[in-house]
Amino acid sequence: MSNDFEQLLVTAYRRTRASDQLEDNSRRLRKTRQLLLNHPPPPEPGAYVLVVQGEASPYWLSLHNGATVGRSDDAAIKVTGKWVSGVHCRFEADGTDWVVVDQDSTNGLQVNDHPRARHILSEGDAIQVGSCLLIFLQVRKNETTVD
(Lines give C-alpha, C1' and ligand atoms only; values in the text may rest on other atoms or scores of the structure.)
Protein backbone atom coordinates (compact mmCIF):
# COMPACT_ATOMS: atom_id res chain seq x y z
CA MET A 1 0.00 0.00 0.00
CA SER A 2 1.10 3.54 -0.62
CA ASN A 3 1.67 6.33 1.89
CA ASP A 4 -1.61 7.74 0.55
CA PHE A 5 -3.46 4.87 2.28
CA GLU A 6 -1.97 5.79 5.67
CA GLN A 7 -2.87 9.45 5.14
CA LEU A 8 -6.45 8.51 4.18
CA LEU A 9 -6.84 6.54 7.42
CA VAL A 10 -5.46 9.34 9.58
CA THR A 11 -7.61 11.93 7.80
CA ALA A 12 -10.75 9.78 8.13
CA TYR A 13 -10.32 9.47 11.87
CA ARG A 14 -9.70 13.17 12.30
CA ARG A 15 -12.91 13.91 10.38
CA THR A 16 -14.98 11.41 12.32
CA ARG A 17 -14.03 12.36 15.87
CA ALA A 18 -17.43 14.01 16.24
CA SER A 19 -19.11 10.75 15.29
CA ASP A 20 -17.50 9.11 18.34
CA GLN A 21 -20.27 10.82 20.27
CA LEU A 22 -22.92 8.80 18.41
CA GLU A 23 -24.40 5.90 20.37
CA ASP A 24 -23.60 3.56 17.54
CA ASN A 25 -20.40 4.09 15.64
CA SER A 26 -22.00 3.01 12.38
CA ARG A 27 -21.01 6.17 10.47
CA ARG A 28 -17.36 5.85 11.48
CA LEU A 29 -17.46 2.13 10.75
CA ARG A 30 -18.87 2.73 7.25
CA LYS A 31 -16.09 5.22 6.51
CA THR A 32 -13.47 2.82 7.79
CA ARG A 33 -14.84 -0.05 5.75
CA GLN A 34 -14.86 2.14 2.65
CA LEU A 35 -11.16 2.87 3.17
CA LEU A 36 -10.45 -0.83 3.71
CA LEU A 37 -11.88 -1.85 0.35
CA ASN A 38 -8.38 -1.47 -1.07
CA HIS A 39 -6.96 -3.65 1.69
CA PRO A 40 -9.66 -6.19 2.60
CA PRO A 41 -9.53 -8.06 5.91
CA PRO A 42 -8.84 -11.78 6.07
CA PRO A 43 -11.92 -13.89 5.27
CA GLU A 44 -11.61 -16.18 8.31
CA PRO A 45 -13.69 -15.28 11.37
CA GLY A 46 -11.67 -13.73 14.17
CA ALA A 47 -10.37 -10.49 15.66
CA TYR A 48 -7.80 -8.51 13.69
CA VAL A 49 -5.97 -5.22 13.68
CA LEU A 50 -4.79 -3.43 10.59
CA VAL A 51 -1.28 -2.24 11.45
CA VAL A 52 -0.36 1.07 9.79
CA GLN A 53 3.20 2.02 10.67
CA GLY A 54 5.78 4.24 9.03
CA GLU A 55 6.85 3.42 5.50
CA ALA A 56 5.82 -0.24 5.76
CA SER A 57 2.80 -1.48 3.86
CA PRO A 58 -0.26 -1.86 6.12
CA TYR A 59 -0.88 -5.46 7.14
CA TRP A 60 -3.49 -7.47 9.03
CA LEU A 61 -2.58 -9.25 12.24
CA SER A 62 -4.81 -11.89 13.81
CA LEU A 63 -5.27 -11.18 17.52
CA HIS A 64 -4.84 -13.78 20.22
CA ASN A 65 -5.65 -13.33 23.88
CA GLY A 66 -2.71 -11.57 25.53
CA ALA A 67 -1.18 -10.16 22.34
CA THR A 68 1.04 -7.21 23.27
CA VAL A 69 2.12 -4.03 21.51
CA GLY A 70 5.42 -2.35 22.30
CA ARG A 71 9.18 -2.05 21.78
CA SER A 72 9.89 -5.48 23.33
CA ASP A 73 11.21 -8.17 21.01
CA ASP A 74 8.48 -10.42 22.43
CA ALA A 75 5.65 -8.07 21.40
CA ALA A 76 3.16 -9.44 18.84
CA ILE A 77 3.17 -5.95 17.30
CA LYS A 78 6.61 -4.42 17.55
CA VAL A 79 6.52 -0.62 17.51
CA THR A 80 9.62 1.52 17.62
CA GLY A 81 9.86 5.08 18.84
CA LYS A 82 10.65 7.06 21.96
CA TRP A 83 6.94 7.39 22.88
CA VAL A 84 6.43 3.63 23.07
CA SER A 85 7.00 1.51 26.20
CA GLY A 86 8.53 -1.98 26.14
CA VAL A 87 5.05 -3.43 26.68
CA HIS A 88 2.70 -0.55 25.93
CA CYS A 89 -0.67 -2.31 25.80
CA ARG A 90 -2.23 -5.72 25.38
CA PHE A 91 -5.34 -7.19 23.82
CA GLU A 92 -7.59 -9.41 25.92
CA ALA A 93 -10.56 -11.54 24.90
CA ASP A 94 -13.48 -11.01 27.27
CA GLY A 95 -16.21 -13.40 26.19
CA THR A 96 -17.26 -12.21 22.73
CA ASP A 97 -15.69 -8.77 23.30
CA TRP A 98 -12.11 -7.66 22.84
CA VAL A 99 -10.48 -5.19 25.19
CA VAL A 100 -7.28 -3.17 24.83
CA VAL A 101 -5.56 -2.46 28.15
CA ASP A 102 -2.75 -0.01 28.87
CA GLN A 103 0.16 -1.73 30.62
CA ASP A 104 1.21 1.26 32.73
CA SER A 105 2.93 2.75 29.71
CA THR A 106 4.81 6.00 30.18
CA ASN A 107 2.81 7.92 27.57
CA GLY A 108 -0.56 6.19 27.92
CA LEU A 109 -2.95 4.66 25.45
CA GLN A 110 -5.11 6.57 22.97
CA VAL A 111 -8.26 5.05 21.45
CA ASN A 112 -10.18 7.20 18.96
CA ASP A 113 -8.08 10.21 20.07
CA HIS A 114 -9.06 9.81 23.75
CA PRO A 115 -6.81 8.62 26.57
CA ARG A 116 -7.88 5.24 27.93
CA ALA A 117 -6.57 2.83 30.55
CA ARG A 118 -8.94 0.10 29.31
CA HIS A 119 -11.32 0.14 26.36
CA ILE A 120 -13.86 -2.39 25.09
CA LEU A 121 -13.24 -2.41 21.36
CA SER A 122 -15.81 -1.80 18.64
CA GLU A 123 -15.22 -2.38 14.96
CA GLY A 124 -13.26 0.47 13.43
CA ASP A 125 -11.71 1.71 16.69
CA ALA A 126 -8.38 3.44 16.09
CA ILE A 127 -5.68 2.64 18.64
CA GLN A 128 -2.65 4.93 18.58
CA VAL A 129 0.65 3.67 20.02
CA GLY A 130 3.44 6.11 19.23
CA SER A 131 3.46 6.57 15.47
CA CYS A 132 1.62 3.26 14.89
CA LEU A 133 -2.10 3.20 14.12
CA LEU A 134 -4.02 -0.02 14.81
CA ILE A 135 -7.54 -0.37 13.44
CA PHE A 136 -9.65 -3.05 15.10
CA LEU A 137 -12.00 -5.28 13.13
CA GLN A 138 -13.85 -8.41 14.13
CA VAL A 139 -14.90 -10.75 11.33
CA ARG A 140 -17.79 -12.93 12.38
CA LYS A 141 -19.17 -16.04 10.70
CA ASN A 142 -21.08 -15.16 7.51
CA GLU A 143 -19.47 -11.68 7.49
CA THR A 144 -16.42 -12.01 5.32
CA THR A 145 -16.85 -9.18 2.85
CA VAL A 146 -16.44 -5.45 3.26
CA ASP A 147 -19.63 -3.59 2.34
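To start, this report covers the structure provided alongside it. (Residues numbered from 1 in each chain as written. Predicted model: local features only at pLDDT ≥ 70, side-chain atom pairs only at ≥ 80, totals over all residues. Heavy atoms only, no water.)

## Quick look at the nonpolar core
Line of reasoning, step 1. Core analysis: the biggest nonpolar cluster contains 21 residues, and Val 49, Leu 63, Val 69, Ile 77, Phe 91, Ile 127 and Leu 134 have the highest contact counts within it.
Line of reasoning, step 2. Taken together, the elements giving at least two residues each to this core come down to strand E1 (46–53), strand E5 (89–94), strand E6 (97–102), strand E7 (109–111), strand E10 (126–129) and strand E11 (132–139).
Line of reasoning, step 3. With near-sequence residues (within four places) excluded, Ile 127 lies in contact with Phe 91, Leu 109, Gln 110, Val 111, Leu 121, Cys 132, Leu 133 and Leu 134. (Core = buried A, V, L, I, M, F, W, Y, C linked by side-chain atoms within 4.5 Å. Buried < 20%, exposed > 50% of the residue type's maximum accessible area, 1.4 Å probe, protein only. Helix = DSSP H or I, 4+ residues; strand = E, 2+ residues; numbered from the N terminus. Contact = heavy atoms within 4.5 Å.)

## Points about the side chain of His 119
Line of reasoning, step 1. Relative to the assigned elements, His 119 resides in strand E9 (residues 118–120).
Line of reasoning, step 2. In terms of polar contacts, His 119 uses its side chain to reach the side chain of Asp 125, at 3.0 Å.
Line of reasoning, step 3. Aside from chain neighbours lying at most four places away, what touches His 119 is Trp 98, Val 99, Val 100, Val 111 and Asp 125. (Polar contact = N/O pair within 3.5 Å; in protein donor to acceptor, adjacent residues only side chain to side chain.)

## Quick look at the pairing of E1
Line of reasoning, step 1. Of all eight residues in E1, seven are buried, a share of seventy percent or more.
Line of reasoning, step 2. With antiparallel pairing between neighbouring strands as the criterion, E1 and strand E2 (residues 59–62) make up a hairpin whose turn holds five residues, including Gly 54 at a positive phi of roughly 55 degrees. (Pairing = 2+ DSSP bridges.)

## A word on the sheet that holds E2
Line of reasoning, step 1. Overall, antiparallel pairing links the six strands, which are arranged E2-E1-E11-E10-E7-E8 in an open sheet. Looking at the sheet topology across the chains shown, the edges are occupied by E2 and strand E8 (114–116). Along the sheet, successive strands turn relative to each other by an average axial angle of 35 degrees, direction set aside.
Line of reasoning, step 2. Bridge count between E10 and E11: four bridges; the pairing is antiparallel. Residue pairing for E11: Val 129 is matched across the bridge by Cys 132. (Axes fitted to C-alpha atoms, helices over the stretch in contact; angles between N-to-C directions.)

## Digging into the sheet that holds strand E4 (residues 77–78)
Line of reasoning, step 1. Read from one edge of the open sheet, five strands run E4-E3-E5-E6-E9, paired in mixed fashion. Each edge of the open sheet is held by one strand with a lone partner, namely E4 and E9.
Line of reasoning, step 2. Two elements, strand E3 (residues 68–70) and E4, share two bridges in a ladder whose sense is parallel. When the bridges of E4 are listed, Gly 70 appears paired with Lys 78.

Any functional reading would require information beyond the geometric quantities listed.
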